[in-house]
Amino acid sequence: EDKVVQSPLSLVVHEGDTVTLNCSYEVTNFRSLLWYKQEKKAPTFLFMLTSSGIEKKSGRLSSILDKKELFSILNITATQTGDSAIYLCARSRIIQGAQKLVFGQGTRLTINP
Amino acid sequence: NAGVTQTPKFQVLKTGQSMTLQCAQDMNHNSMYWYRQDPGMGLRLIYYSASEGTTDKGEVPNGYNVSRLNKREFSLRLESAAPSQTSVYFCASSEFLAGGRNIQYFGAGTRLSVL
């Protein structure tokens, strides 16, 4: 089954803490793994990972993809209240030029001051 | 530059009523998508359109129809709304970029309640 599973589903931490969000998937033949941040409305793009390794978005956010073990991690250091959001990961396949995404359930991250 | 625009933002329907959700993008993207988001289930693909003139089913197409009116617009129609279709609906568009990158950009969503 083509599932994407995120953990934890919910996480509450204090400002300044470091958090690690997990994403595991089941298929091996996909194009890329994406992370999105969803605050009040539309998901906004954070990362795209196409091969095993690390990609940094900013000084505080980073992500790892391990294609052998079928997982990805989103890491946020020195968290701020503005990081409070739902974080979604999705695996991508390209079908006739369109990008078919399968999303995980999301992790709801709350940063308390 | 508005990006992806969805209308309406909110809608309440009675069971059996029909309605069309509108989506337009001004980024000249070839591909467009409709998703629904339910609590604890992430986003699920309803239909997509790889290019103007083509549409295909996603994970959860039952009860919906779509029309790719032109390159800019992709509408989602509920012919006979059911309470199970209460959800937040997102439209997205994407285009291949250099290096094989293909990123979807989302609209602000339509919150639909079916009573």
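Anything mentioned here points back to the structure above.
(A) Just the interface of chain A and chain B, in detail. At the interface, 21 residues of chain A touch 25 residues of chain B. Counting each side, the surface lost to burial between chain A and chain B is near 1900 Å², with a carbon and sulfur contribution of 58%. At the surface where chain A touches chain B, the tally comes to zero salt bridges. Applying the counting rule to chain A against chain B returns five residue pairs in polar contact (both at pLDDT 80 or more). The greatest single-element share of the side of chain A that touches chain B, amounting to five residues, is contributed by strand E10 (residues 98–103) of chain A. Classifying every residue of the side of chain A that touches chain B gives twelve nonpolar, six polar and three charged.

(B) Geometry of the pairing of strand E11 (residues 107–112) of chain A. Residues and elements named next belong to chain A. Burial along E11 is one-sided: Thr107, Leu109 and Ile111 are buried, and none of Arg108, Thr110 and Asn112, which face the opposite way, are. Direction of pairing for strand E2 (residues 10–14) relative to E11: parallel, over a ladder of five bridges. The partner of valine 12 across the bridge, within E11, is threonine 110. With three bridges joining them, strand E9 (residues 85–95) and E11 adopt antiparallel strand pairing. Residue pairing for E11: alanine 85 is matched across the bridge by leucine 109.

(C) Broad picture of the packing of aromatic side chains. Using the criterion set out here, one finds nine aromatic pairs over all chains in the structure. An angle of 85 degrees between the planes, with centres 5.7 Å apart, marks the rings of phenylalanine 103 of chain A and tyrosine 35 of chain B as edge-to-face. Within this pair, whereas phenylalanine 103 of chain A is found in strand E10, its partner tyrosine 35 of chain B is found in strand E4 (residues 31–37), the two belonging to separate chains. For the pair formed by phenylalanine 103 of chain A and tyrosine 35 of chain B, the shared burial category is buried. Each member of the aromatic cluster is reached from another via a ring pair, and the members are Tyr36, Phe45 and Phe103 of chain A together with Tyr33, Tyr35, Phe90 and Phe106 of chain B.

(D) Molecular detail of the sheet that holds strand E3 (residues 19–25) of chain B. All names here are of chain B. Reading across from one edge, E1-E3-E8-E7 is the order of the four strands in this open sheet, with antiparallel pairing throughout. At either margin of the open sheet sits one strand with a lone partner, and together these are strand E1 (4–7) and strand E7 (64–68). Going across the sheet, the axis of each strand differs from the next one's by a mean of 20 degrees, ignoring polarity. Inspection of the sheet shows E7 paired to strand E8 (residues 74–78) by five bridges, in the antiparallel sense.

The rules behind each value
Residues numbered from 1 in each chain as written. Chains lettered and ligands numbered in written order. Predicted model: local features only at pLDDT ≥ 70, side-chain atom pairs only at ≥ 80, totals over all residues. Heavy atoms only, no water. Contact = heavy atoms within 4.5 Å. Buried area = accessible area lost by both parts, 1.4 Å probe. Salt bridge = Lys/Arg side-chain N within 4 Å of Asp/Glu carboxyl O. Polar contact = N/O pair within 3.5 Å; in protein donor to acceptor, adjacent residues only side chain to side chain. Helix = DSSP H or I, 4+ residues; strand = E, 2+ residues; numbered from the N terminus. Nonpolar A, V, L, I, M, F, W, Y, C, P; charged D, E, K, R; others polar. Buried < 20%, exposed > 50% of the residue type's maximum accessible area, 1.4 Å probe, protein only. Pairing = 2+ DSSP bridges. Phe/Tyr/Trp six-rings, centres within 6.5 Å; stacked < 30°, edge-to-face > 60°. Axes fitted to C-alpha atoms, helices over the stretch in contact; angles between N-to-C directions.

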